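Read off the chains here:
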Amino acid sequence: MKEWIKNNKHVFILYIVVFILVAALVASVIVINNKSCENEKNVTKISNLTSQNIKKDEETKKVQSDLDAAKKENENLKKQNEELKKQNIELTAKKKAAAEAAKRAKQKATTVSTKKNVSPPPATNPPAATHTCYLTFDDGPSSSTTPQILNTLKAKGVKATFFVVGTGNLSLLNRMKNEGHAIGLHANVHDYGRIYQNVNTYLADLQAVSDKVYNITGIRSQIIRFPGGSSNTVSRKYCKGIMTQLSKLMPSKGYSYFDWNVSSGDAEGASVQGEINNVLRYANGNDICVLMHDIKPRTVSALPTIIDKLRAKGYKFEVLTPTTRGFHHGINN
Ligand SMILES: [Zn+2]
C-alpha cells in the first residue's frame with residue numbers, strides 16, 4: 001500500500017481531494033435537507049398559528065356580536081323601563097286627580113247638605129258679612145242692559161231693588177219679581193217739569209206707574225224714589241217747597257221713600273273703574289244704599305266687580321222694604 005501511494009502520489013491526492021469534495025457535498029446536502037425540514041415545520045407551525053388566529057378571530061367576532069345583541073336588548077329594556085315609568089307617572093296623576101275630584105264632590109255634598117240644614121242667609125254671602133248693602137237701580141227696565149244686570153245678580157246670588165219708570169220695558173218686571181228682587185216706583189214719565197208742577201201732578205204720575213206695575217206683577221209697590229232724590233233742587237224751578245210737602249205726605253199715602261248714601265256716578269258719566277272706585281270709597285263698614293242705573297252699559301260692566309269687592313269688605317245684599325230704615329237726604333226744596 002505504502003508502495004502504491006509512493007508510486008501514485010498524485011492519484012492518491014486526487015482521491016483525497018475527490019473524497020473531501022464528495023464529503024463536503026454530502027454534508028451540505030444534509031444541512032440543506034435539515035433546514036428544509038425545519039422550514040417545513042415552521043410553515044406548518046405558522047399555518048397552525050394562522051388557523052388558530054382565524055378561529056380566535058371568529059370567536060372574537062362571535063363574542064362581539066353577542067355583546068352587540070346584549071347591548072340592543074339592554075337598550076330595549078331601558079326603553080321599556082322608561083315607558084313603564086311614564087305609565088306609572090300618568091297613573092299616579094290620574095289617581096291624584098280622581099282623589100281630588102272625589103274630595104271636591106265630598107266637599108260639595110257637605111256644602112249642599114249644610115245649605116239644606118241652615119236657614120236663610122244666601123250661600124253666596126260669606127258668613128262673616130256684618131254690613132248690609134242695598135243695590136238700587138233707577139230709570140229702567142231697559143231691554144238691552146237690564147237683562148244683563150239681572151244675569152249678573154243671578155250669577156252672584158244677589159237681590160237688588162229696581163225703581164222703575166212707566167216708559168221702560170215693563171215685560172222684565174216679572175223676571176225681577178220671580179228672581180227675588182224688589183220693585184219700587186220712580187216715575188211714570190221721568191220729566192221733572194211735568195211731575196213737579198205741584199203735589200197732584202206728582203201723585204198722578206206716581207199712581208200711573210204704580211198701576212202699570214200692579215197690572216203686570218200683581219204687586220202694589222210701597223217703596224218709591226223721587227226723581228232726583230228728596231234732596232233735589234231742580235223741582236224748585238217748578239214748585240217751591242214741593243219736596244218738603246211730598247216727603248211729609250208720602251208715609252200717609254202708604255209709601256216709604258228712599259234716597260242713597262253711595263252713588264256709582266253712572267248718571268254723571270263715570271268710567272267702569274270710576275264706578276267701582278266711587279262705590280268702594282264710601283263702603284267702609286256702614287250700611288249702604290247704592291244708587292246706580294240699569295240703563296247704563298258701564299254699570300253692566302262694573303257690577304260684577306262691585307259685588308265681589310263689597311263681599312270681600314264684609315257686605316251682604318238685601319232688598320229695600322217699606323220697613324227698611326234710613327237713607328233719607330236732607331230736603332233742599
Ligand atoms: Zn231717575
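Residues numbered from 1 in each chain as written. Predicted model: local features only at pLDDT ≥ 70, side-chain atom pairs only at ≥ 80, totals over all residues.

A.B. asks: Describe unusual backbone geometry, with residues and values.
C.D. replies: For the bond from Gly140 to Pro141, the omega torsion is 0 degrees, close enough to zero to count as cis. With respect to the helices, strands and loops of the structure, Pro141 is situated in the loop between β1 (131-138) and α3 (146-156). Positive phi outside glycine occurs at Asp139, with the angle close to 75 degrees. Summarising the element assignment, Asp139 is placed in the loop between β1 and α3. Residues other than glycine seldom take positive phi values, yet Phe327 does so here, at roughly 60 degrees. (Helix = DSSP H or I, 4+ residues; strand = E, 2+ residues; numbered from the N terminus.)

A.B. asks: Run through the nonpolar core, naming residues and quoting values.
C.D. replies: Ranked by internal contacts, the top residues of the largest apolar core, which has 52 residues, are Cys133, Leu135, Val164 and Val290. Per element, the largest residue contribution to this core is six residues, and it comes from helix α9 (residues 297-312). Residues in contact with Val164, not counting those within four places in the same chain, are Gly140, Pro141, Leu173, Ile183, Leu185, His186 and Val213. (Core = buried A, V, L, I, M, F, W, Y, C linked by C-beta atoms within 7 Å. Buried ≥ 20, exposed ≤ 12 C-beta atoms within 10 Å, placed from the backbone. Contact = placed C-beta atoms within 7 Å.)

A.B. asks: Now, about the environment of Ser264: what can you tell me, with residues and values included?
C.D. replies: With respect to the element layout, Ser264 can be found in the loop between β6 (262-263) and α8 (272-281). Linking Ser264 and Asn277, residues 13 residues apart in sequence, is a C-alpha distance of 8.0 Å. If near-sequence neighbours (up to four positions away) are discounted, Ser264 is found in contact with Ala270, Glu275, Asn278, Val279, Val290, Leu291, Met292, Thr299 and Ala302.

A.B. asks: Let's hear about the pairing of strand β7 (residues 288-293): which residues, and what values?
C.D. replies: For β7, the buried fraction is high: five of the six residues fall into the buried class. Where β1 lies against β7, six bridges are found, and the strand directions are parallel. Pairing of Cys133 across the sheet is with Ile288, part of β7. Following the chain from β6 across α8 to the adjacent parallel β7, one finds a crossover that is right-handed. (Pairing = 2+ DSSP bridges. Right-handed = clockwise from strand over helix to strand, strands pointing away.)

A.B. asks: An account of the environment of Ala187 is needed here, citing residue identities and associated values.
C.D. replies: Positionally, Ala187 belongs in strand β3 (residues 182-187). On the neighbour-count criterion, Ala187 (26 C-beta atoms within 10 Å) is buried. Along the primary structure Ala187 and Gly166 are separated by 21 residues, whereas in three dimensions their C-alpha atoms are 6.5 Å apart. For Ala187, the contacting residues outside a window of four places in its chain are Val165, Ile195, Asp205, Val209 and Pro227.

A.B. asks: Could you give an account of the environment of Tyr214, naming the residues involved and the relevant values?
C.D. replies: Take Tyr214: it is sitting in helix α6 (residues 199-217). What Tyr214 contacts, discounting residues up to four positions off in sequence, is Ile219 and Arg220.

A.B. asks: For helix α7 (residues 242-249), give the residues involved together with the corresponding values.
C.D. replies: It helps to recall that an α-helix has 3.6 residues per turn; residues three or four apart then point in one direction. Residues of α7 that are buried include every one of Ile242, Met243 and Leu246, and no others. Looking straight down α7, one finds its buried side chains confined to an arc of 90 degrees; they lie on one side. Where α7 is buried, its residues meet α6. (Arc of directions from axis to C-beta.)

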